[in-house]
Amino acid sequence: MGWVAQIKQPVEQLENISVTSSIAGFDDQGEQSPREECGVFGVWAPGEEVSKLTYFGLFALQHRGQEAAGIAVGDGQQVVVFKDLGLVSQIFDEQTLESLKGDVAIGHTRYSTAGGVTWENSQPMFQVAPDGTDVALAHNGNLVNYLELLDEAHSLELVDAHTQPSDSQVMTALLAHGITTGMKVLDSARLLLPRVTGAFCLTFTDGHTLYAARDPEGVRPLCLGRLEKGWVVASETCALDIVGASFVREIEPGELVAIDEAGVRSEKFAAPRRKGCVFEYVYLARPDSVIRGRSVNESRLEIGRRLAKEFPADGDLVIPVPESGVPAAVGFAQASGIPFGQGLVKNAYVGRTFIQPSQTLRQLGIRLKLNPLREVLQGKRLIVVDDSIVRGNTQRALIRMLREAGAAEVHVRIASPPVKWPCFYGIDFASPGELIANAVTEGNEEEMVQAVCTAIGADSLGFVSTESMVAATQQPRSELCCACFDGEYPLGLPTGNPNAELVSALQRGSCGGVD
């Protein structure tokens, strides 16, 4: 079950509370939401402007990565890649897209988890095969056996022995290496994919055929759509909608698909072992997407309804933390009968910026993103619904801002359980020691929630239970990965990763806690 904490102390005392040394270190700056690593897109549509279709597909997937983006276009003879750091709209213009001519294209929008924010790590990746074939690849996810594959790439001298390229670069190099006389891209993929362990949704091309593949666990979503004159593959169904493609089906776990003038050809490279990421339903995916037949928006509404029943609160107004907290807040209001209101205004244009704020401006913190509607909040007992708490910095700054705007009480309700474990399958969470739910290393779950409530300065705090969260997705618990909440990693832990080594030690009980 979930837990709720209630604090009854004067507001002026909250600033002076010191729960533990690990909580006291949290400040209001530097908070980062959980970040999906990537979004992938692919289109095969002869006679269509495939570069522009890809651009708009990536635009719909911008929420899955805001650090870099790229498009690779093939005309049957060669593949041309254009990529850079920044938002999709910052990188591409009409002239660039007009220059990318062909019948097939793949695209990628990226956040970094494995590998830094550099042009070299932006995607699609590109490699020339031994037989001269151009290969471009886009990858969403993280590989567990990356070091094993890297050793193989080093031994074959496919990558510089003095560098440590990303897992996506290594996959591209190995895929291209297998394309020799008598061996095509599909043949190489058949040999490579069964040896890859971890989360991966791939789109790749040789300039003639569009390929897509999904790991046997199906951790990340990937779907197939139909255009009037072609086919589309995308991380989410919302990208199909924006380019006018009709949803056909999901790419199945362990499936490899090839699309060209012969149509769609499908084969299995591994038996499916479904372990879809539950956090896609909670936060990562756009609410207008559908995953495994379940509307993401409806899942979040239902989480809010169940949250209201598990942890009710006396209040005058339910407000969301824009934008991801909106559906759960609506559901909470529906189930509780407490009015829903928009008490915070979000600056829609806050994203990745090349202009760094001065120290003075940095002190504004969350105000650069959110601003309160004072006339709505004045004197109200607020129930604030957010999707998750990671480090707690955002919530603490937000609660302070709401009180300054005149809120009488601030009760926080979270539409996911406490995040306690890092993700190794494609989400950029903080390290275990940075997660606020791990700040209290001793005591039970209820005491942990009480301490977090104190640390962020709320009057009360409640997290939805794992059982309710899973039920809201309408997926079998056995077919979901909830590792960031329960520490059970269905794909195993990556070797050579410091966080993974710490997690392994905690699971064995060989260290006293996380600090």
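Worth saying up front: this structure is predicted, and the values here are computed from it rather than measured.

So, how was this worked out
Residues numbered from 1 in each chain as written. Predicted model: local features only at pLDDT ≥ 70, side-chain atom pairs only at ≥ 80, totals over all residues. Heavy atoms only, no water. Core = buried A, V, L, I, M, F, W, Y, C linked by side-chain atoms within 4.5 Å. Buried < 20%, exposed > 50% of the residue type's maximum accessible area, 1.4 Å probe, protein only. Helix = DSSP H or I, 4+ residues; strand = E, 2+ residues; numbered from the N terminus. Domains from an automatic or database assignment. Contact = heavy atoms within 4.5 Å. Polar contact = N/O pair within 3.5 Å; in protein donor to acceptor, adjacent residues only side chain to side chain. 1 Å grid on protein atoms, 1.4 Å probe; cavity = no way out; pocket = protein on both sides within 12 Å on 5 of 7 lines; lining within 4 Å. Points joined across faces, edges and corners; volume = space filled by probe spheres on them. Nonpolar A, V, L, I, M, F, W, Y, C, P; charged D, E, K, R; others polar.

A. Spatial organisation of the nonpolar core. With 51 residues, the main nonpolar core has Phe279, Val318, Tyr425, Phe429, Met469 and Phe485 as its most contacted residues. Here this core gets five residues from one element, more than from any other, and that element is helix α10 (residues 279-284). Each of domain 1 (36-274) and domain 2 (297-347 + 357-477) contributes no fewer than three residues to this core. The contacts of Val318, once residues within four sequence positions are left out, are Ala329, Phe332, Ala333, Ser336, Ile338, Pro339, Phe340, Gly341, Ile383 and Val385.

B. Layout of helix α19 (residues 498-508). Where α19 is concerned, the buried positions are Ala500, Val503, Ala505 and Leu506. For α19, the side-chain oxygen to backbone nitrogen distance between the N-cap and Asn499 is 2.8 Å, and the N-cap itself is Asn497.

C. Representation of the environment of Leu210. Tracing the chain through its elements places Leu210 in strand β10 (residues 210-214). Along the primary structure Leu210 and Trp44 are separated by 166 residues, whereas in three dimensions their C-alpha atoms are 6.1 Å apart. Excluding residues that lie within four positions of it along the chain, Leu210 makes contacts with Gly42, Val43, Trp44, Val104, Ala105, Ile106, Phe204, Thr205, Val233, Val257, Ala258 and Ile259.

D. Seen up close, empty space enclosed by the protein. In total, this model carries six cavities of 30 Å³ or more according to the counting rule given. Taken as a whole, the largest cavity encloses approximately 130 Å³ of empty space. Contributing to the lining of the largest cavity are 18 residues, with Arg214, Gly218, Gly276, Cys277 and Arg292 lying nearest its centre. For the lining of the largest cavity, the secondary structure elements donating two or more residues are β16 (276-277) and α10. A per-class count over the lining of the largest cavity returns seven nonpolar, three polar and eight charged. For the second largest cavity, the calculated volume is near 70 Å³. Lining the second largest cavity are 14 residues, and of these Cys277, Cys423, Cys481, Ala483 and Cys484 sit closest to its centre. Residues of the lining of the second largest cavity, tallied by class, amount to 13 nonpolar, no polar and one charged.

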